[in-house]
Amino acid sequence: MKKLIVIGAGISGLSAGIYAARSGFDVTIMEQHFTFGGLSTGWSRKGYFFEGGMHWLTGSSEKLPMNRIWKETGALQENNPIENRDPLYTLLDGNKNLNLHRYAGDMEKALLEYAPEDEKPIKKMFRDVKAFSRFFMPVFDVSGCKCKNPAKISVISFIKMLPAVFRVPFLVNQSFEDYVNQFSNKNIRHLLMSVIGYRYNALSFIYTLGAFASGDCGYPSGGSIQMAKNMEQTFLCLGGKIEYRTQVDKVIVQDGVAKGVKTKNGELFADAVIVTQDTRAAVDNLFEEPLQDKWVLKMKQKVITEQNIFVCLGVKADLSHLPYACVIPLKEPLEYAGCKWNEIRINNYAKYKTHSPEGCTSITSLLIGDCYDFWKKAKADGTYKAKKDELGKLFVDAVAQVIPEVKENLEVIDVATPCTYERYCSSFEGSWMSVWKKGGSQDNYPQTLKSVKNVYFAGQRIMMPGGLPIAVYTGRRAVQLLCKDNHVEFV
């Protein structure tokens, strides 16, 4: 058995470990944190649990190729059935709430009833959504890799995707904001702008709505933690080993060949290394000699990171009368850390009994925006905690305008910044995805180096825009490249 070291026990690292162990490699995963999951995580504060890594899962539908990978890695099992939430989001507007429904017909009807003056852009958007409801992320095998169970590509499925393919150039060259600003009704704009980060192109937005409309993007019971725990147990049952609280400092390279890794506890040698730490950070930090491969230099130049501030509230009140995902339009924008938010989307876990004490509610919210430099500076000048507290107060005041219980019964407030993600996951600029901007190309990167042999990369940074499906998929692909190089059958 050839020895393999995987750096990182996030979704990508667990995926790589599972496929490699199943294919006959002796695998050790090195994880700097004390737990598994990486960015797919959650945490507890004073009896409240906060889901920190996932609000929906691409590939949850059994009809899609990605579902196969989630099943093969053990992420989806009988212990975490899928919930297809509907409505997806509800804008709170006094007595006349506005729902964004999952399925295209319901979605269109609700918007038309709310804003008949926007009939033209609504119908235009739903032509796009319907087209993209047949569009999905295919699963390919590495050319030249012998696979025990090859991925099968359906020609009919590709033909059904053609209407969406023809719309791609137009949508890529329009910004998400410009697309949404076609609507004259301000509440429709608030609702739609809460779907993804404001810096993306329109394709990212329509692709997301199309995925929901297809019946995909459900929520696995137990969320991030259960899914990651399933993967960890699958890996351990295959004979894999995980070394927690073990940060890798460098990949050992001798004569252009990866030979293992260096940690504070010493050196560990292996026949190959798979790096699942954020690739953009890893190419800077894990090699003694700067990497000069063309794709590495391109990544350094082109990656635009998606960052966020994650606000968690523990409220001593039962908010189960409110929808799961509430969009709150703000009378005055919330401005902080160099960002401005015209609406706030909160995730209300009142109906999830394991998330809070009886009669209480856990709430989370993503404030997406380019704010890493602000928080990094605050860390350096000693104002970090004070600024987190200040933002927390502003956030609570803004939400309390619509949901007063949040302020009246607040028991816990916890604010995570890009510096938090950087600290625990070594993610570049504390980010969890890459921004695909208007007019930009969808940059995907090789998972090997010409300059260093026997080292492979996997993770959300390898394929734009990233996220959980890319993490698990590139873990699989890295092992296929490894199997191909070692003339081993991929299982």
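These numbers come from a predicted model, not from an experiment. (Residues numbered from 1 in each chain as written. Predicted model: local features only at pLDDT ≥ 70, side-chain atom pairs only at ≥ 80, totals over all residues. Heavy atoms only, no water.)

## Considerations on a nonpolar patch on the surface
A surface patch of nonpolar side chains, about 490 Å² in accessible area, is lined by V155, I159, L162, V165 and F166. Among the secondary structure elements, F166 is positioned in helix α5 (residues 155–172). With relative accessibility at 62%, the residue F166 sits in the exposed group. (Patch = residues over 30% accessible without salt bridge, like charges linked within 9 Å, V, L, I, M, F, W, Y side chains within 5 Å. Areas by Shrake-Rupley, 256 points an atom, 1.4 Å probe, with all protein chains shown as cover. Salt bridge = Lys/Arg side-chain N within 4 Å of Asp/Glu carboxyl O. Helix = DSSP H or I, 4+ residues; strand = E, 2+ residues; numbered from the N terminus. Buried < 20%, exposed > 50% of the residue type's maximum accessible area, 1.4 Å probe, protein only.)

## Description of helix α1 (residues 11–22)
Between the first and last C-alpha of α1 there are 16 Å, a value that for twelve residues agrees with the 16 Å anticipated at 1.5 Å per step. Counting buried positions along α1 yields eleven of twelve residues, so the element is predominantly enclosed. What α1 keeps buried is the set I11, S12, G13, L14, S15, A16, G17, I18, Y19, A20 and A21. With its phi angle positive at about 105°, G24 sits one or two positions after the end of α1. (Expected span 1.5 Å × (residues − 1).)

## As for the nonpolar core
With 122 residues, the main nonpolar core has W70, M125 and F205 as its most contacted residues. Among the elements that line this core, the one with the most residues is helix α16 (residues 468–485), at ten residues. Ignoring any residue separated from it by four or fewer positions in sequence, one finds F205 in contact with M125, F176, Y179, L192, V195 and I196. L322, Y336, A337 and V396 belong to the second-largest nonpolar core, a separate cluster that totals 34 residues. (Core = buried A, V, L, I, M, F, W, Y, C linked by side-chain atoms within 4.5 Å. Contact = heavy atoms within 4.5 Å.)

## Points about the environment of K96
Mapping K96 onto the fold places it in the loop between β6 (89–91) and β7 (98–100). As a C-alpha pair, K96 and Y114 span 18 residues in sequence and 8.7 Å in three-dimensional space.

## A few points about the sheet that holds strand β17 (residues 339–348)
Within the open sheet, the seven strands sit side by side as β7-β6-β16-β17-β18-β15-β19. Their pairing is mixed. Of all strands in the sheet, those with a lone pairing partner are β7 and β19 (410–416), marking the two edges. When the angles between neighbouring strand axes are averaged without regard to direction, this sheet yields 25°. The sheet contact formed by β6 and strand β16 (residues 325–336) spans two bridges and is parallel. Note on β16: the bridge partner recorded for L91 is V327. Set on the sheet, helix α7 (residues 186–193) makes contact with β6, β7, β16 and β17; between it and β7 the angle comes to about 35°. (Pairing = 2+ DSSP bridges. Axes fitted to C-alpha atoms, helices over the stretch in contact; angles between N-to-C directions.)

## A look at the side chain of N187
As for its placement among the helices and strands, N187 is situated in helix α7. A residue is classified by how much of its surface remains accessible, and N187, at 9% relative accessible area, is buried. If we ignore the near neighbours within four places in the chain, the residues touching N187 are L91, D93, L98, Y114 and P329.

## Some points on the packing of aromatic side chains
A complete count under the given rule lists 18 aromatic pairs for this structure. Measuring from centroid to centroid gives 5.3 Å for F132 and F135, while their planes differ by 50°, and the two rings are tilted. The side chain of K96 reaches across the aromatic face of Y114, ending 4.9 Å from its centre. The ring of Y384 carries K379 above its face, with NZ or CZ at 4.4 Å from the centroid. (Phe/Tyr/Trp six-rings, centres within 6.5 Å; stacked < 30°, edge-to-face > 60°. Lys NZ or Arg CZ within 6 Å of the ring centre and 35° of its normal.)

## Considerations on the sheet that holds strand β10 (residues 248–254)
The three strands are arranged β10-β11-β12 in an open sheet whose pairing can be described as antiparallel. Across the chains shown, the open sheet's two edge strands, defined by having one partner strand only, are β10 and β12 (266–269). Going across the sheet, the axis of each strand differs from the next one's by a mean of 30°, ignoring polarity. Here strand β11 (residues 257–263) pairs with β12 via four bridges, running antiparallel. Paired with V261 across the two strands is L268, which belongs to β12.

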